[in-house]
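Overview (structure and organization)
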Amino acid sequence: MADGPTAASNTAAASVYNDVKEYYGKTLKKTSDLKSNACVPSAKPVPAYVRKVIAEIHPDVVAKYYGCGLVVPESLECSRVLDLGCGSGRDCYMLSQLVGEKGHVTGIDMTEDQLEVARKYIDYHTQRFGYKKPNVNFVQGYIEALAEAGLEEKSYDIIISNCVVNLSPDKASVLREAYRVLKDGGELYFSDVYSDARIPEDLKANKVLWGECLSGALWWEDLMRLAEEVGFCKPRLVTASIITVGNKELEKLLGDYKFVSATYRLFKIPKGSEKKSCLVMYNGEITGLEESFEFDAQYTFKVDKEMEVDDDVASILSNSRFSGEFTFQHQHSGLKTSSSGGCWDKPKAVSVNPFELVQQLGSASVTPSTGGCCGDQQACCQ
């Protein structure tokens with residue numbers, strides 16, 4: 001196979017691909033070989049149903065796992081899922097159980113050593129999960145060039161990625177290709193490392209800093225810009241946690257740059273879809289989320305409780321796999337009217353800046369944004 005995708009076969013990009021393959025294929029043998037804390041666990045607690053499926057995965061697959069978050073989107077049954085930079089396949093095998101026998105998970109990675117581990121245990125997991133045939137396959141290829149790997153346009157419901165996009169020398173191509181292979185209404189749900197400013201070229205050239213998921217990190221504001229340029233809705237920030245490097249030598253090289261591990265959800269909504277704020281009510285039928293559904297840092301939907309959503313979120317919910325999970329109460333004559341005649345919940349007022357969100361999550365409480373059916377949520381609901 002070539003050193004990199006055709007679209008990015010310049011010398012610098014080819015060098016990055018080879019360095020990353022070497023680092024993740026040869027240098028790192030197990031998770032404990034990492035030289036920094038960049039691959040930190042998710043800030044969110046792991047739900048019981050997710051812990052249960054992870055426990056079913058072969059230890060050899062888990063041992064070579066280098067993700068920086070937890071990428072388990074909701075409402076996965078029967079979905080077609082793609083994992084960008086699947087590595088040893090841990091997330092693929094986790095999702096394999098959640099999509100069920102009628103769903104399918106594809107993992108793509110450029111590192112053959114990692115794919116060997118993933119493929120070795122296909123039969124093991126098929127039997128373990130009680131499936132008649134595998135619902136997982138692994139493809140060698142580049143996340144910037146999914147077409148070259150044979151992945152077709154509008155063929156996936158959901159794409160996940162776990163601490164991989166930062167390793168790509170061409171983030172814009174990663175997002176463009178993800179958008180291309182997603183079905184209308186589909187979602188890119190991914191955890192990655194972000195910086196508080198653009199990283200200079202001299203730090204990007206450091207192989208260890210790049211391999212440790214630090215110097216290749218996007219400035220978070222560039223993610224917002226690139227995502228919308230490609231065609232995605234405005235990225236929805238799910239959670240974030242500060243990364244402490246934990247290595248004096250690397251910290252000295254990095255100077256004042258700060259890093260965060262953040263999970264975002266990006267939706268591909270059909271062109272021309274109506275965008276209008278409204279009231280929605282969650283029906284409580286998503287597996288594992290029978291009481292409430294934490295959609296992102298701003299919106300947590302409680303079962304059978306109306307919530308006001310902005311035009312972006314209203315469009316996402318009504319045009320995605322979540323459309324059947326909500327009742328929609330649209331505005332009439334410019335006024336919102338609650339079907340229950342009572343009050344409704346307001347979203348939290350949180351920052352779109354992941355570094356500020358970490359501080360807000362660490363403070364005593366995050367208050368609902370002002371407003372509501374009678375100005376103040378407390379007054380409204382008493």
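Just so it is clear, the model here is predicted, and its values are computed rather than measured. (Residues numbered from 1 in each chain as written. Predicted model: local features only at pLDDT ≥ 70, side-chain atom pairs only at ≥ 80, totals over all residues. Heavy atoms only, no water.)

**Observations concerning the sheet that holds strand β9 (residues 278-282)**
- One open sheet accounts for three strands, arranged β12-β9-β13; its pairing is antiparallel. A strand with exactly one partner marks an edge of an open sheet, and here the two such strands are β12 (306-309) and β13 (326-330). The average angle at which neighbouring strand axes cross in this sheet is 30°, direction not considered.
- When β9 meets β13, the two strands line up antiparallel, connected through five bridges. Directly across from Y282, in β13, lies its bridge partner F326.
- Its contacts with the sheet put helix α12 (residues 311-319) on β9, β12 and β13, and the angle it makes with β13 is roughly 135°. (Pairing = 2+ DSSP bridges. Helix = DSSP H or I, 4+ residues; strand = E, 2+ residues; numbered from the N terminus. Axes fitted to C-alpha atoms, helices over the stretch in contact; angles between N-to-C directions. Contact = heavy atoms within 4.5 Å.)

**Re the pattern of salt bridges**
- Counting across every chain of the model gives 16 salt bridges.
- With its nearest N and O atoms 3.8 Å apart, the salt bridge here joins D184 to K154. You can see D184 sitting in strand β5 (residues 182-195) and its partner K154 sitting in the loop between β3 (136-140) and β4 (156-162), a full 30 residues away along the chain.
- Here K154 falls in the partly exposed class, since its relative accessible area comes to 41%. (Salt bridge = Lys/Arg side-chain N within 4 Å of Asp/Glu carboxyl O. Buried < 20%, exposed > 50% of the residue type's maximum accessible area, 1.4 Å probe, protein only.)

**Description of the nonpolar core**
- Counting 40 residues, the largest nonpolar core has L82, L188, Y194 and Y264 as its most contacted members.
- Discounting chain neighbours no more than four positions away, the residues touching Y194 are A217, L218, W220, L223, K258, F259, V260, A262, Y264 and F355.
- The next biggest cluster of nonpolar side chains, apart from the first, holds 31 residues, and it includes V61, L76, C86 and I158. (Core = buried A, V, L, I, M, F, W, Y, C linked by side-chain atoms within 4.5 Å.)

**Here we look at the environment of G67**
- Within the element layout of this structure, G67 appears in the loop between α3 (59-63) and β1 (80-84).
- On the basis of relative accessible area, G67 is assigned to the buried category, the value being 11%.
- For G67 and C86, which are 19 residues apart along the polypeptide, the C-alpha to C-alpha distance reads 9.4 Å.

**Some thoughts on empty space enclosed by the protein**
- Enumeration according to the criterion identifies three cavities of 30 Å³ or more in this entry.
- A volume near 40 Å³ is recorded for the second largest cavity.
- In this structure, the second largest cavity is lined by Y93, S96, I122, H125, T126, F129, Y131, P134, N135 and V136.
- Counting only elements with at least two residues in the lining of the second largest cavity, the list comes to α4 (90-99) and α6 (122-128).
- With three residues, α6 is the largest single contributor of residues to the lining of the second largest cavity.
- Looking at the lining of the second largest cavity residue by residue, the class counts come to six nonpolar, four polar and no charged. (1 Å grid on protein atoms, 1.4 Å probe; cavity = no way out; pocket = protein on both sides within 12 Å on 5 of 7 lines; lining within 4 Å. Points joined across faces, edges and corners; volume = space filled by probe spheres on them. Nonpolar A, V, L, I, M, F, W, Y, C, P; charged D, E, K, R; others polar.)

**Things to note about helix α13 (residues 354-362)**
- Within α13, the full set of buried residues consists of P354, F355, L357 and V358. For α13, the arc enclosing every buried residue in end-on projection is 160°, short of the 170-degree limit, so these residues lie on one face.
- Capping the start of α13 is the job of one residue whose side-chain oxygen sits 2.8 Å from the backbone nitrogen of F355: N353. (Arc of directions from axis to C-beta. Polar contact = N/O pair within 3.5 Å; in protein donor to acceptor, adjacent residues only side chain to side chain.)

**Regarding the pairing of β1**
- Burial runs high along β1: four of the five residues are buried.
- Two elements, β1 and strand β2 (residues 104-109), share five bridges in a ladder whose sense is parallel. Bridge pairing in β2 links V81 to V105.
- The β-α-β motif built from β1, the intervening α4 and the parallel element β2 has right-handed crossover chirality. (Right-handed = clockwise from strand over helix to strand, strands pointing away.)

**Side note on the pairing of β5**
- Summarising burial for β5: twelve of the 14 residues are buried, a large majority.
- Strand direction decides the pairing type here: β4 and β5, joined by six bridges, are parallel. Paired with S161 across the strands is F190, a residue of β5.
- Handedness of the crossover joining β4 and β5 through helix α7 (residues 171-181): right-handed.

**Regarding the side chain of K171**
- Locating K171 in the fold gives a position in helix α7.
- One buried charged residue, K171, forms no salt bridge at all, with the nearest opposite charge on D192 at 7.4 Å.
- Of the polar contacts made by the side chain of K171, one reaches the backbone oxygen of S168; its length is 2.7 Å.
- At 2.6 Å, the side chain of K171 and the backbone oxygen of G216 are in polar contact. (Lys, Arg positive; Asp, Glu negative; His and termini not counted.)

**Description of the confidence of the model for the protein chain**
- Summarising the model, the protein chain shows a mean pLDDT of 86, and 80% of its residues fall at 70 or more.
- Overall, residues 364-382 carries pLDDT values under 50, and its contacts beyond four positions in sequence, including any with other chains, amount to 34 contacts. (pLDDT = per-residue confidence, 0-100.)

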